[in-house]
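A structural walkthrough
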Amino acid sequence: MIDFRYHLVSIVAVFLALAIGIVLGSTELQGETIDALRSSSNLLRSELSASNNQRDDYKQQLNADQQFLQAPGVEQRLLANELPGTRIVLVTEPGASSVVISGIKQAAGLAGATVTGQVALQPAFNDLSGANQSSLSGLNDTLASTDQTTLATPSDQQTANQQQAAQLIGTAILATTTAGETQGLSPADARTLLGSYEQAGYLTTTDAPYDRATLAVIVTPATVPSDGQNDPASQVLLAVAQELATLSAATIVVGSTAGSASGSAISVLRSSSVSSLVSSVDNADTTIGQVSTMWAFASQLGGGKANSYGISGASAVSPVPSAVPSATPSTTISPTPRPTKTGKGDKSVKKK
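Residues numbered from 1 in each chain as written. Predicted model: local features only at pLDDT ≥ 70, side-chain atom pairs only at ≥ 80, totals over all residues. Heavy atoms only, no water.

To continue, consider unusual backbone geometry. Residue N81 is not a glycine yet carries a positive backbone phi of 65°. Position of N81 among the secondary structure elements: in the loop between α2 (74-79) and β1 (87-92). For D207, which is not glycine, the phi torsion reads 65° and is therefore positive. Classification of D207 by relative accessible area gives exposed; the value is 58%. (Helix = DSSP H or I, 4+ residues; strand = E, 2+ residues; numbered from the N terminus. Buried < 20%, exposed > 50% of the residue type's maximum accessible area, 1.4 Å probe, protein only.)

Another point: the sheet that holds strand β6 (residues 215-219). Taken in spatial order, the seven strands of this open sheet run β5-β2-β1-β6-β7-β8-β9, and their pairing is mixed. The sheet is open, and its two borders are formed by β5 (203-207) and β9 (308-309), each paired with just one other strand. Relative to strand β7 (residues 250-254), β6 runs parallel, the two sharing five bridges. The residue of β7 that forms the bridge with I218 is V253. With respect to the sheet, helix α3 (residues 98-110) is in contact with β1, β2 (114-121), β6 and β7, its orientation differing from that of β1 by roughly 175°. (Pairing = 2+ DSSP bridges. Contact = heavy atoms within 4.5 Å. Axes fitted to C-alpha atoms, helices over the stretch in contact; angles between N-to-C directions.)

Time to look at α3. The first and last C-alpha atoms of α3 sit 18 Å apart over 13 residues, in line with the 18 Å expected at 1.5 Å per residue. Each element contacted by the buried residues of α3 is listed here: α2, β1, β2, β6, β7 and α9 (287-301). Residue S97 occupies the N-cap position of α3, its side-chain oxygen lying 3.2 Å from the main-chain nitrogen of V99. Just beyond α3, the residue with positive phi is G112, at close to 95°. (Expected span 1.5 Å × (residues − 1). Polar contact = N/O pair within 3.5 Å; in protein donor to acceptor, adjacent residues only side chain to side chain.)

Once that is clear, we can look at empty space enclosed by the protein. For the structure shown, the criterion picks out one cavity of 30 Å³ or more. Computed from the structure, the largest cavity encloses a volume of approximately 50 Å³. Around the largest cavity, the lining residues are V91, V119, L121, F125, A166, I169, I173, V240 and L244. Those elements that provide at least two residues to the lining of the largest cavity are β2, α5 (160-173) and α7 (232-247). (1 Å grid on protein atoms, 1.4 Å probe; cavity = no way out; pocket = protein on both sides within 12 Å on 5 of 7 lines; lining within 4 Å. Points joined across faces, edges and corners; volume = space filled by probe spheres on them.)

This next bit is on the packing of α5 against helix α6 (residues 187-199). Where α5 contacts α6, the two axes come as close as 8 Å, and the packing angle between them is 145°. α6 is crossed by α5, and the crossing has left-handed handedness. The residues of α6 that touch α5, namely those facing A165, L168, I169, T171, A172 and I173, are A190, L193, L194 and Y197. Across the contact of α5 with α6, the residue classes tally to nine nonpolar, one polar and no charged. (Left-handed = near helix turned anticlockwise from the far one by under 90°. Nonpolar A, V, L, I, M, F, W, Y, C, P; charged D, E, K, R; others polar.)

Right, dumping it as structure tokens:
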């Protein structure tokens, strides 16, 4: 017979030996383990202190640079005669930063440009639901028929109605100049068109955006959307930017530093084909970003290509300013060829 008591004693003895070994081993290793952890802690504390010091140095340098740029007369000297006699219209997305808007207006004035007005797109404009799309499509067709405008073929069916609406809005706020003639809607027709979109809840206007400009600034939301690059407003931005770029001498998309991080409208723009048509500035809530916006306009009017500027995935911090400020405004615009006006809507006004 098997004596289970013998095996039970053996098992208890094994476990007792293991317990004693663990206690003795942990006691033996305790000093070495604590010393290693203490050494790692001291190293991490030292690295954190160095990082904090470096952060403070950068912050002081940034504050010094900002104070220099904001000193009386500095921004004016940087922008003097960059855009004399030009006209700029602002198009703002829902939630656009008021700091960016006011800063761009100030910089434009210092550069010699006139801001004609502002078109503030409303949340309904970015609504991609079926009911809203049907409503916007019907309004587009009515206005296109009234002004006899040939609507462009959309590049993305998801935002087709927004793109065609942007085209119609563009004919009301932007003027193309070809062979000495300024073409587009008359101020009266432009006010009627904008009023139709405003009455339908798609936009609001400030000042006189119907007093058509040749340059456009699109201001993006001040915060990054919760669903990042999948946000409908970011997709709509691409359609709007494409149309305004086609109808203007130059279009620039600007945003605040916080609102231009990964997943923002500007980051979506920069990874799309539309980036070849428009410049972008991701720190337009700072003086350097506002100066960069005006320099970007001057660069494109001088024959330069669209580019991305700023600090968040940009190609350059800022455009290189022109060596010699232009004495007269650049007025000749060569938009992408396509039929935009026919018949009644093809209203030409001789330049004075």
